[in-house]
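Understanding the architecture of this molecule
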Amino acid sequence: FMKRRKKWRHYPPGPMSLPFVGTMPYIDFHNPHLSFNKFHKKFGNIFSLQNCWTNLVVLNGYKTVKEALVHKSDDFADRPYFPMYEHVGYGDKSEGIVVARYGHVWKEIRKFTLSTLRDFGMGKKSLEERVTEEAGFLCSAIKAEEGRHFDLRFLVNNAVCNMICTIIYGERFDYGDEVFRKMVTLFENSLSEEAGFLTQLLNVMPILLRIPGLPQKVFRGQKAYMDFIDVLIQKHMETWNPEYTRDFTDAFLKEMSKGKEAEENGFNYNNLCLVTADLFAAGSDTTSTTLRWAFLYMLLHPETQSKIHKEIDMVIGRERSPTMMDQVNMPYTNAVIHEAQRCGDITPVGLPHMTYRDTELQGYFIPKGTTVITNLSSVLKDESVWKKPNEFYPEHFLDVNGQFVKPEAFMPFSAGRRVCLGAQLARMELFIFFTTLLQKFTFMLPEDQPRPRKDGHFALINSPYPFKLQAIPR
Ligand code: HEM
């Protein structure tokens, strides 16, 4: 007991905790990374907070985040348990991937998902061809706007969602498709519900979930989204033939058919719904928001756009479709995409981690079961690494000879055991979609439109404020 008490003396410092609410009133939940930056300056790289009764430790700066996620990967690999998820279908042996506790079920499901994504072409030519084909559909839809002012959000989101649909259900949807629109709307509703204050409150005060009718009211959107996924999978099962594996769903169904042991490893129907919902959630808005940041920077920096046009004309020309092989010969375009990811900073506070065992970081004691926030924004904008941390400056990724370089602090996909599972797919989508669109169009800010804001707004991810543009065919 004395030994443990001594350890607690080395618990990270933080602002004074108030009765019941802890340090919650000090945090701006619409911009948590900005609140964290203030505490970072005051308390250093590692500080503690308290959300009601939950202890939180926030890690800041490249050195600290890397030390935790890479050098002490196991210690920081767990996820906090949120009782509210039980109301949207999470249970024993069915926790999806993203919020699954660190343990053998998560390991099995992650291993299976990664290898299945690879089987269906992640990082290979086959999936690249599908991305290229989708980029073609996206170009046609943009061309159909005929130079009118439009918000490319819906089209880009459709294109990106289609890549996940292709992997999971083996089919894409036309951009106007009713089922598809419904899915995207339900998904967006469920996301905004999850980012809401009430949900955050229920996270830290799960006792409120016992109020009759409250869970049904708070999670209405998420339930509707899960019900929709359920219908899609049921429909898919009607045409399933165990002899053939058409897509991710078929591969999962095949695992499920292996019996009790597979069931114990997380291959059950409920988990199939949760894993596919996770792949949609983690793999669609993230990539499409990054692309929107990239196009916003093109409007704000026309000189950068001209340089990319020149590079495309020189390396690819106007007719041939871009391929991943072109990337090595296009250092400037590659640098711009990386800088859009860095500056757009779409997951500023990452996803919450939890310590798997008692651990120590830079002399501080962090007990088992502590929620850990990795402030990725403080890494992507670390003043000791980046020359102009708060500006769009593609030269961050170019050496003196104009060759592409990637500083180690480029960590938008996080790192370690829970590193983004779809990073390879995301990189492929970002390069092919961005380069194809710039090969075919010049993007301009319409004359009658206000100059778009450079800052973002945060609801689980950091998105640009809505903006309109004009696409002029080249
Ligand atoms: C996790 C970023 C695209 C699937 C994450 C995490 C980040 C991230 C920061 C949290 C890692 C952590 O907990 O430390 C991004 C960004 C993307 C992107 C910036 C696009 C630009 C994708 C795509 C997919 C995907 C396309 C799916 C095919 C996942 C999954 C996890 C994850 C399943 C959870 C991994 C786990 O807990 O084991 N991503 N992601 N992501 N991402 Fe991505």
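Residues numbered from 1 in each chain as written. Predicted model: local features only at pLDDT ≥ 70, side-chain atom pairs only at ≥ 80, totals over all residues. Heavy atoms only, no water.

Counting 126 residues, the largest nonpolar core has Leu-59, Tyr-225, Phe-280, Phe-433, Phe-434 and Phe-443 as its most contacted members. For this core, the leading source of residues is helix 6 (residues 153-169), giving 11 residues. Setting aside anything within four residues of it in sequence, one finds Leu-59 in contact with Asn-45, Ile-46, Thr-64, Val-65, Ala-68, Phe-76, Leu-361, Val-372, Ile-373, Thr-374, Asn-375 and Ser-378. (Core = buried A, V, L, I, M, F, W, Y, C linked by side-chain atoms within 4.5 Å. Buried < 20%, exposed > 50% of the residue type's maximum accessible area, 1.4 Å probe, protein only. Helix = DSSP H or I, 4+ residues; strand = E, 2+ residues; numbered from the N terminus. Contact = heavy atoms within 4.5 Å.)

The tally for this structure, following the rule as stated, stands at 4 cavities of 30 Å³ or more. Taken as a whole, the largest cavity encloses approximately 70 Å³ of empty space. Surrounding the largest cavity, Gln-327, Asn-334, Ile-337, His-338, Gln-341, Arg-427, Leu-430 and Phe-431 form its lining. The set of elements that each furnish at least two residues to the lining of the largest cavity consists of helix 16 (331-344) and helix 18 (423-440). The element that contributes the greatest number of residues to the lining of the largest cavity is helix 16, accounting for 4 residues. Here the residues of the lining of the largest cavity sort into 3 nonpolar, 4 polar and 1 charged. (1 Å grid on protein atoms, 1.4 Å probe; cavity = no way out; pocket = protein on both sides within 12 Å on 5 of 7 lines; lining within 4 Å. Points joined across faces, edges and corners; volume = space filled by probe spheres on them. Nonpolar A, V, L, I, M, F, W, Y, C, P; charged D, E, K, R; others polar.)

Another point: the coordination of the iron atom of the ligand. Counting protein donors around the iron atom of the ligand gives one, Cys-420 (SG), at 2.3 Å. Summarising the element assignment, Cys-420 is placed in the loop between helix 17 (376-380) and helix 18. (Donors = N, O, S within 2.8 Å, 3.2 Å for Na, K, Ca; no water.)

Attention now moves to helix 16. Because an α-helix packs 3.6 residues into every turn, residues spaced three or four apart end up facing the same way. An ideal rise of 1.5 Å per residue puts 20 Å on 14 residues; helix 16 measures up with 19 Å between its terminal C-alpha atoms. Most of helix 16 is tucked away, with 14 of its 14 residues classed as buried. With its phi angle positive at about 50°, Asp-345 sits one or two positions after the end of helix 16. (Expected span 1.5 Å × (residues − 1).)

Let us look at the site of the ligand. Neighbouring the ligand are 26 residues; Arg-79, Arg-110, His-353, Ser-414 and Cys-420 lie closest to it. Contacts to the ligand include Ser-414, whose side-chain N or O atom sits 2.5 Å from an oxygen atom. A distance of 2.9 Å separates an oxygen atom of the ligand from a polar side-chain atom of Arg-418. Listing elements by their share of the shell around the ligand, those giving two or more residues are helix 4 (104-119), helix 13 (269-283), helix 14 (285-300) and helix 18. Classifying every residue of the shell around the ligand by side-chain character gives 14 nonpolar, 9 polar and 3 charged. (Near = heavy atom within 4 Å. Polar contact = N/O pair within 3.5 Å; in protein donor to acceptor, adjacent residues only side chain to side chain.)

With that out of the way, let us pick up the packing of helix 15 (residues 302-315) against helix 16. In contact at an axis separation of 8 Å, helix 15 and helix 16 are set at 140° when each is read in the N-to-C sense. As judged from the angle between their axes, helix 15 and helix 16 are oblique. For helix 15 against helix 16, the interelement crossing comes out left-handed. Residue-level contacts link Thr-304, Lys-307, Ile-308 and Glu-311 of helix 15 to Pro-331, Tyr-332, Thr-333 and Val-336 of helix 16. By residue class, the composition of the contact of helix 15 with helix 16 is 4 nonpolar, 2 polar and 2 charged. (Axes fitted to C-alpha atoms, helices over the stretch in contact; angles between N-to-C directions. Parallel < 35°, antiparallel > 145°, perpendicular 65-115°, else oblique. Left-handed = near helix turned anticlockwise from the far one by under 90°.)

In this section: the pairing of strand 2 (residues 54-59). Examined bridge by bridge, strand 1 (residues 46-51) and strand 2 share 6 bridges and lie antiparallel to one another. By the bridge assignment for strand 2, Gln-50 is matched with Asn-55. Counted along the chain from strand 1 to the antiparallel partner strand 2, the turn is 2 residues long, and its residue Cys-52 has a positive phi close to 50°. Bridge analysis of strand 2 against strand 7 (residues 371-374) gives 4 bridges, and the strand direction is parallel. If you follow Leu-56 over to strand 7, its bridge partner there is Thr-371. (Pairing = 2+ DSSP bridges.)

Quick look at unusual backbone geometry now. Among all residues save glycine, negative phi is the norm, and among peptide bonds the norm is trans. Notably, Phe-20 is not glycine yet its phi reads approximately 65°, a positive angle. With respect to the helices and strands, the residue Phe-20 is situated in the loop between helix 1 (2-8) and helix 2 (32-43). Phi at Leu-460 takes a positive value of approximately 70°, unusual for a residue other than glycine. Relative to the elements of secondary structure, Leu-460 occurs in the loop between strand 9 (456-459) and strand 10 (461-464).

Of the volumes computed, that of the second largest pocket is approximately 820 Å³. Lining the second largest pocket we find 29 residues, and of these Asn-37, Asp-345, Ser-377, Lys-381 and Asn-390 sit closest to its centre. For the lining of the second largest pocket, the secondary structure elements donating two or more residues are helix 2, helix 3 (62-71), helix 14, helix 16 and helix 17. Considering every element that reaches the lining of the second largest pocket, the biggest residue donor is helix 2, with 5 residues. Of the residues assigned to the lining of the second largest pocket, the class counts are 6 nonpolar, 14 polar and 9 charged.

So, on to the sheet that holds strand 3 (residues 149-150). Pairing is antiparallel across the open sheet formed by 3 strands, whose spatial order is 3-11-8. Edge positions in the sheet fall to strand 3 and strand 8 (441-444), since each of these pairs with one other strand and no more. Two strands pair when backbone bridges link them, and strand 3 and strand 11 (residues 469-473) are joined in this way by 2 bridges, in the antiparallel orientation. What sits directly across from His-149, in strand 11, is Gln-470.

What follows is about the pattern of salt bridges. Counted under the stated rule, the structure contains 16 salt bridges. Arg-172 is the partner of Glu-134 in a salt bridge, and the nearest nitrogen-oxygen pair spans 2.8 Å. Taken together, the residues span a long stretch of sequence, with Glu-134 in helix 5 (residues 125-143) and Arg-172 in the loop between helix 6 and helix 7 (178-195) at a distance of 38 residues. By relative accessible area, Glu-134 is classed as buried at 2%. Residue class for Arg-172 comes out partly exposed when judged on its relative accessible area of 23%. (Salt bridge = Lys/Arg side-chain N within 4 Å of Asp/Glu carboxyl O.)

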